[in-house]
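Next come the chains, spelled out residue by residue.
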Amino acid sequence: MNELREKARELLQSGTVKVIIGYAQGTTPLHTKPIIIRFAEDSDKLVMNKYCVNNLSVYLTRKEFKGNGTVGIVAKGCDVKSIVQLIQENQVNKDDLYIIGVNCNGAVSELGKEFSAETVATKCLHCMVRTPHLYHTLIGTQEELPKRADTNFEMLQKLEAMTPDEKWNFWEAEFEKCVKCYACRQACPLCYCERCIADKSVPRWIESSAHTRGNIAWNIIRAFHLSGRCIGCNECERACPAGIPLSLLNRKMGMTAKKEFDYVAGMGLDTPTLVGTFDVKDNEDFIK
Ligand code: SF4
Ligand code: SF4
Ligand code: SF4
């Protein structure tokens, strides 16, 4: 923690960064909240622990931060994946960023619960970026991560084994619960369109009331818009008040991108984006 605070103080005092987006203590020791600090004397408000769950890169595309000087950001490896994806998509200029990378020891799946083998987030179970793949300075040391069964993957396998009708019934029942609050969109660092297709009314592509037809359209369109781009931070599912297992959709899309195109979103700064490129040799077997 001291390492983080000292670095933040140094960066703000020297004028290397204008602001730092990080985590502050929340209402209990099992909660943290995002904080934006502009003054070196506020550096002691920063914390870093297993309850630093939010993917703070969601703020990088906000107009308050764009073109207003170098932004410092505290980032776990999974958050750095979305930063890389945002740079690849020309939404963030890497020269305007200072990444304080964190050697990560996992994150809790739900704020307010004690971190343990039962509560470690699913995304941490197979994490390849506990040391971020892009940073300006690296803080912290690593400990062993607790292990548990990947029940999310087990559910995905069950879904894979279903008939198309059974799959449809499963997702129809899940999307029934959607209340069209758009929390999934707001929490997602890669849902940055200034005007979302869901808000367009001329023409109205997606029905705005929360009923099955519009809910299915919204969730399927969002999954398609994130395919080959979603970095699996799982912030959308965490934000969803209806408990819809959005990670199953996102993970399936990610697995397809890997299988068909050997592409993993957010990993290669110099790699063109999957949806932004076309190769005549691309495997098209999946188009049915
Ligand atoms: S996915 Fe990796 S980097 Fe992200 S919180 Fe879990 S262990 Fe840390
Ligand atoms: S779709 Fe969900 S898991 Fe994927 S990047 Fe957005 S918030 Fe993260
Ligand atoms: S967060 Fe959940 S309930 Fe809200 S719009 Fe997204 S899927 Fe629907």
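This structure is a prediction, so every number in the text was calculated from the model and none was measured.

Rules used throughout
- Residues numbered from 1 in each chain as written.
- Chains lettered and ligands numbered in written order.
- Predicted model: local features only at pLDDT ≥ 70, side-chain atom pairs only at ≥ 80, totals over all residues.
- Axes fitted to C-alpha atoms, helices over the stretch in contact; angles between N-to-C directions.
- Helix = DSSP H or I, 4+ residues; strand = E, 2+ residues; numbered from the N terminus.
- Parallel < 35°, antiparallel > 145°, perpendicular 65-115°, else oblique.
- Contact = placed C-beta atoms within 7 Å.
- Nonpolar A, V, L, I, M, F, W, Y, C, P; charged D, E, K, R; others polar.
- Near = placed C-beta within 6 Å.
- Expected span 1.5 Å × (residues − 1).
- Pairing = 2+ DSSP bridges.
- Core = buried A, V, L, I, M, F, W, Y, C linked by C-beta atoms within 7 Å.
- Buried ≥ 20, exposed ≤ 12 C-beta atoms within 10 Å, placed from the backbone.
- Domains from an automatic or database assignment.

Caption draft 1: Spatial organisation of the packing of helix H5 (residues 164-176) against helix H7 (residues 212-226). Contact geometry for H5 and H7: axes closest at 9 Å, N-to-C directions at 105°. Considered as vectors, H5 and H7 are oriented roughly perpendicular to each other. Facing Glu-172, Phe-175 and Glu-176 of H5, the residues of H7 in contact are Thr-212, Asn-215, Ile-216 and Asn-219. Looking at side-chain class alone, the contact of H5 with H7 contains 2 nonpolar, 3 polar and 2 charged residues.

Caption draft 2: Representation of the site of ligand 2. In the region of ligand 2, 14 residues are neighbours, and Cys-188, Cys-230, Cys-233, Glu-235 and Cys-236 sit closest. Of the residues that constitute the shell around ligand 2, the class distribution is 9 nonpolar, 4 polar and 1 charged.

Caption draft 3: Seen up close, H7. Look at H7: 21 Å from first C-alpha to last across 15 residues, which is about the 21 Å you get at 1.5 Å a residue. Contacts made by the buried residues of H7 are with H5, helix H6 (183-187) and helix H9 (246-261). Looking at the residues trailing H7, positive phi occurs at Gly-228, about 75°.

Caption draft 4: Structural view of the environment of Gln-88. Assignment of secondary structure puts Gln-88 in helix H2 (residues 77-88). C-alpha of Gln-88 to C-alpha of Asp-270: the two residues are 182 residues apart in sequence and 7.6 Å apart in space. Beyond its immediate sequence surroundings of up to four residues, Gln-88 is in contact with Leu-269 and Thr-273.

Caption draft 5: Quick look at the site of ligand 3. In the vicinity of ligand 3 lie 13 residues, with Cys-178, Cys-181, Ala-183, Cys-184 and Cys-240 positioned nearest. For the shell around ligand 3, the per-class residue count stands at 11 nonpolar, 1 polar and 1 charged.

Caption draft 6: The sheet that holds strand S3 (residues 71-75), seen in detail. The strand order S2-S1-S3-S4-S5 describes an open sheet built from 5 strands, whose pairing is mixed. Pairing within the sheet leaves two strands with one partner each, and these edge strands are strand S2 (32-37) and strand S5 (137-139). Strand-to-strand twist in this sheet, taken as the mean axis angle between neighbours without regard to direction, amounts to 25°. The sheet contact formed by strand S1 (residues 19-25) and S3 spans 3 bridges and is parallel. Bridge pairing links Ile-21 to Ile-73 in S3.

Caption draft 7: Structural detail: the nonpolar core. Formed by 58 residues in total, the largest nonpolar core has its most connected members in Ile-20, Val-71, Ile-73, Val-74, Ala-75 and Ile-83. Those elements giving two or more residues to this core turn out to be helix H1 (2-13), S1, S3, H2, strand S4 (97-102), H5, H7 and H9. Each of domain 1 (2-139) and domain 2 (151-261) accounts for three or more of the residues forming this core. Not counting the four nearest positions on each side in its chain, Ile-73 is found in contact with Ile-21, Leu-56, Ser-57, Leu-60, Leu-97, Ile-99 and Ile-100.

Caption draft 8: A look at the domain arrangement of the protein chain. You can read the domains of the protein chain as domain 1 (2-139) and domain 2 (151-261). Distance from the C-alpha centre of domain 1 to the C-alpha centre of domain 2: 25 Å. Each side of the interface is counted separately: domain 1 has 15 residues, and domain 2 has 13 residues. Counting residues per element, the ones that place at least two in the side of domain 1 that touches domain 2 are H2 and helix H3 (122-125).

Caption draft 9: Just the environment of Asn-54, in detail. Looking at the secondary structure, you find Asn-54 in the loop between S2 and S3. Classification of Asn-54 as buried rests on a count of 22 C-beta atoms within 10 Å. Placed 19 residues apart in sequence, Asn-54 and Ile-73 show a C-alpha to C-alpha distance of 12 Å. Once you skip the residues sitting within four places of it in the chain, Asn-54 turns out to touch Pro-34 and Glu-235.

Caption draft 10: Region of the structure containing unusual backbone geometry. Positive phi values are uncommon outside glycine, yet Lys-180 reaches one of about 55°. Relative to the elements of secondary structure, Lys-180 occurs in the loop between H5 and H6. A positive phi angle, near 50°, is found at Asp-262, a position not held by glycine. Along the chain, Asp-262 turns up in the segment after H9. A tally of 9 C-beta atoms within 10 Å means that Asp-262 is categorised as exposed.

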